[in-house]
Amino acid sequence: MNNLCVGSLWLDLPSEEKSRRLLLNAVEEEAMFERSLENFTAKLDSCMESNTPVSNFVMQSSTMLSDAIMDYLSKAQRSRPWVQPIYDLGPQTVSVIVVGALVRGLIFYKDSQCTEWQDLVRRIASDLVRYSDIKEIRKENKGAWILANRAVKNWTKKRLDQFIKFHKKNTEKIKQKDLLKFAAHMIEIVVASGIAVAHTVRLSGNDTRTHVVFSDDVLAGLEQAHSDFLVWAKILYRPMIVPPIKHTVDATGGVHTEHLRKSLVRGDVVFWYNDEFSTQFRLSKPSQEVVDGLNKLMSTEWAINTRVLDVMSTLFKSNSKIANLPPYEKDDLLFSRIEDDAMMETVMQDKRRLWDEWHKRANDRFRMLLRLSLARDLDGYGFFYHSYTVDFRSRAYTLTDLLSPQSGDQDRSLIMFAKPVKQTERGLYWLKVTVANLFDQDKKSFADRVRWVDDNMSMLQSINDDPYATTSLWADDKSKKNQSFQRLAAVFELCRTDGMTQLPVNMDGSCNGIQHWAAISRDPIIGKLVNLVPADEPQDAYAYVANMVTRELESNVYNDPWADVFLSYWDGKISRSVVKRAVMTDPYGVTLRGIIDGLVNDRHLDWVFEKDRIKAANALAKYVQAAMNTLLTIPNQGKEWLKSVCKTACEMNKQLNWTTPCGFQVAHEYVPRERIILNIDSLTSTKRNYLFALSKKGCVDKLRATNGISPNTIHSLDASHMYRTINACATECGMSSFSFIHDSYGVYATEVDDLRRITRREFVNLHSSNPLQAMKEELEDYLGIELPPVPPVGELDINQVLESEYFFH
């Protein structure tokens, strides 16, 4: 038991109950494995390229066959004219089809690791014909294919064959005898190459059966490539009813079944190098400080918020569709008859909209059913845990997003800390701040937020008393950043009458990426805008940039027709929400294209005619980018320095590595990939599809490495800040429950004062010396050269953070 991330509720359980839970957990993890395997094999049969290890294996094995198959096809072409359509596929494609068929046989005959000769022959033959027909039709009748692909939601082999039959121009039919003979010759080539071995087994009398199995050498390579099943299939994780196994610096913890554990440091990629498979990629190495922080996150005991669960379930099953809930069942309008001809067009438009909504949200509906079922199940156990791993920069992530503190509104609202603690006056104060934040009052001072709650207590009490009759007060329909059910959870917590509290209260960083850059550059202007210095109320960098954009539009209203259009729509003042995504992602190196995509995807320009929307996004994005570049001139010098260092390393053909303040060794490793365009398994894709990717160890992808250096550096710093804060809260104040999400730190309401104090102190400690200078010295030793000096810093006194009320708020 010493190796478990235990909480107090687990320690209080009778030994019999602990044993029962451990047994149930083992059964569930085995069932989880089986469900995942079934899901994997089902997808593999229709979309093999979605699985990187399998596709890489097929790619490498088929490459070994190409020359032999090319030789065979050349001879067959001269003596067998009907081979021409298959010959046109090319030796690489034919090789992929042949090896892919063998891999599928291996998967579906996983007990014997073989497939019967006749089955394999028929599978290869039918695949060859189908693929050659599709290639011919897409070349000769591209328009019909595009239209059909738009109309058909899910292609099946039967539908594909019907489409081929209708559109195929070449009616010359290959004799089945000749086709099967051709496929058999393909298998003979596979066997002759050493990839596979044919075994003949005598059943009875003269009855024999021939099986085809991978050779021992190939099987060894395949097993090495998939030694971790998680690289082969996505495990369908769920929260744990027992404490997770502790991580150590040398060993991965988490789920109890060892072969189901995801690597402590995510990012393994299977590649082919030096004639063997390897998963040793991005070898970031964890430190004790990071492992300690992860184990404290995994020790947090969670419980289901049953009041929120009941409301969410009722509203969902009543098909209300409020608060961004997906539809539970089809709307009655879809089946109604239209009696009034005058209303025909309007009703048909409504029907089309409802059908679109029904199909588009099919996945949301399935996840909601799963979420509610899982919540009911976990509620029966009283408490549960989440397991965490990290990415190559040390950022922490839960293994499942269902009922996770890192997930969206619906999941976060359904969970709370499992153990109630006695509420205090200061805890109630911070709970009121949280309620106000969730009701969009987060730009006000803390005192004004608390005052808003006190002034609206009767309204909040009415929500608590009857959440169904008051949905207009707490629910909104935003498709993104919706926090309706979190509002409801906070109101329920505020109106508790038992004097206890369980809801995590989170303090969020103010543009946390820019906070780090402002601290690195010691820029007093930016530091003030992101609350690194004391102020009477929170500063708003988003609003500041929005005002800069507004002023620039005003000055160009006679030169740029779009300027007048934007100012007219937003009543002469650009909304902060328009620039928020761009400003938020600027510390991570957002490009002009990224800003344009953000404006479109966040639907800020839905009011523009669709044909002009991209033009409008281009025009507005340039104003936003210019405003950010003007404001962030000094912090941007740090980004440019990092890029120049990365380019220098790339010219030396070296990947960058550095150590974070927490001792985590980041392997900033970007390997170029050789892509082969085959479009075989994704027959229904109208876009160019890269089927296989083979990484080349020993080379550097210069573009991706350079673009990634700035965001990865900042992410490694915010992760260090998080781990240091968690560990200090635990060791100094005895905290044991944490709801941390990168730059949003949550604890019990009664512990917020200590959290805020430690958060500020650890940030100052992190930036007491320049992190870029530390990176420079480490990279100079690693690269063996002298690097340019880090950019000069400004006059910001970083110790002012200690007195900043709104540093995290």
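Just so it is clear, the structure is predicted and the values come from calculations on it, not from any experiment.

S.K.: Which residues make up the overall build of the protein chain, and what are the values?
M.R.: Each helix and strand counted, the protein chain has 32 helices and 18 strands in total. Counting over 809 residues, the protein chain shows a buried share of 54%. At a minimum sequence separation of 6, the contacts of the protein chain that also span at least 24 residues come to 72%. Element-wise, carbon and sulfur atoms account for 50% of the exposed surface of the protein chain, whose accessible area totals about 37,100 Å².

S.K.: Break down the pattern of salt bridges for me, with residues and values.
M.R.: In a structure, side chains of opposite charge can pair up when their charged atoms sit close to one another. This model, assessed by the stated rule, comprises 31 salt bridges. The shortest N-O distance in the salt bridge between Asp401 and Arg367 comes to 3.0 Å. One end of the pair, Asp401, is in the loop between β8 (396–398) and α16 (409–413); the other, Arg367, is in helix α15 (residues 362–379), with 34 residues separating them in the sequence. Judged by its relative accessible area of 22%, Arg367 is partly exposed. Overlapping salt bridges bring together Glu732, Asp754, Arg757, Arg761 and Glu762 as one network.

S.K.: Quick rundown of the environment of Leu128? Include the residues and the values.
M.R.: Tracing the sequence through the fold places Leu128 in helix α6 (residues 117–140). Along the sequence, Leu128 and Val98 sit 30 residues apart, while their C-alpha atoms lie 8.7 Å from each other.

S.K.: An account of the state of the cysteines is requested, with residue identities and associated values reported.
M.R.: For the structure shown, the criterion picks out zero disulfides. Distance from the sulfur of Cys646, which forms no disulfide, to the nearest cysteine sulfur (Cys650) is 4.2 Å. Overall, the relative accessible area of 2% leaves Cys646 in the buried class.

S.K.: Account for the environment of Lys643, naming residues and giving values.
M.R.: Tracing the backbone through its elements, the reader meets Lys643 in helix α29 (residues 633–651). Separated by 64 residues in the primary sequence, Lys643 and Asn707 have C-alpha atoms spaced 7.5 Å apart. Not counting chain neighbours up to four residues away, the residues in contact with Lys643 comprise Thr706 and Ile709.

S.K.: So, the packing of aromatic side chains: which residues are in play, and what are the values?
M.R.: For the coordinates displayed, the defined rule picks out 21 aromatic pairs. Ring centres 4.6 Å apart and planes at 35° place the aromatic pair Phe446 and Tyr806 in the tilted group. You can see Phe446 sitting in helix α18 (residues 446–455) and its partner Tyr806 sitting in the segment after α32 (771–783), a full 360 residues away along the chain. Residue Phe446 shares its accessibility class with Tyr806, and that shared class is buried. Counting every residue linked through ring pairs, the aromatic cluster contains Phe738, Phe740, Tyr745, Phe763, Phe807 and Phe808. Over the aromatic face of Phe492 sits the side chain of Arg307, whose NZ or CZ is 3.7 Å from the ring centroid. Its end group placed over the ring of Tyr429, Arg426 keeps NZ or CZ at 4.6 Å from the ring centre.

S.K.: Tell me what's going on with the sheet that holds strand β18 (residues 744–747), and back it up with residues and numbers.
M.R.: The strands that make up a sheet pair up through hydrogen bonds in the backbone, lying either parallel or antiparallel. On the basis of which strands lie adjacent, the open sheet formed by three strands has the order β12-β18-β17 and antiparallel pairing. Two strands close off the open sheet at either side, each with one partner strand: β12 (505–508) and β17 (739–741). Pairwise comparison of adjacent strand axes, ignoring direction, gives a mean angle of 15° for this sheet. Direction of pairing for β17 relative to β18: antiparallel, over a ladder of three bridges.

About the cut-offs
Residues numbered from 1 in each chain as written. Predicted model: local features only at pLDDT ≥ 70, side-chain atom pairs only at ≥ 80, totals over all residues. Heavy atoms only, no water. Helix = DSSP H or I, 4+ residues; strand = E, 2+ residues; numbered from the N terminus. Buried < 20%, exposed > 50% of the residue type's maximum accessible area, 1.4 Å probe, protein only. Contact = heavy atoms within 4.5 Å. Areas by Shrake-Rupley, 256 points an atom, 1.4 Å probe, with all protein chains shown as cover. Salt bridge = Lys/Arg side-chain N within 4 Å of Asp/Glu carboxyl O. Disulfide = S-S within 2.5 Å. Phe/Tyr/Trp six-rings, centres within 6.5 Å; stacked < 30°, edge-to-face > 60°. Lys NZ or Arg CZ within 6 Å of the ring centre and 35° of its normal. Pairing = 2+ DSSP bridges. Axes fitted to C-alpha atoms, helices over the stretch in contact; angles between N-to-C directions.

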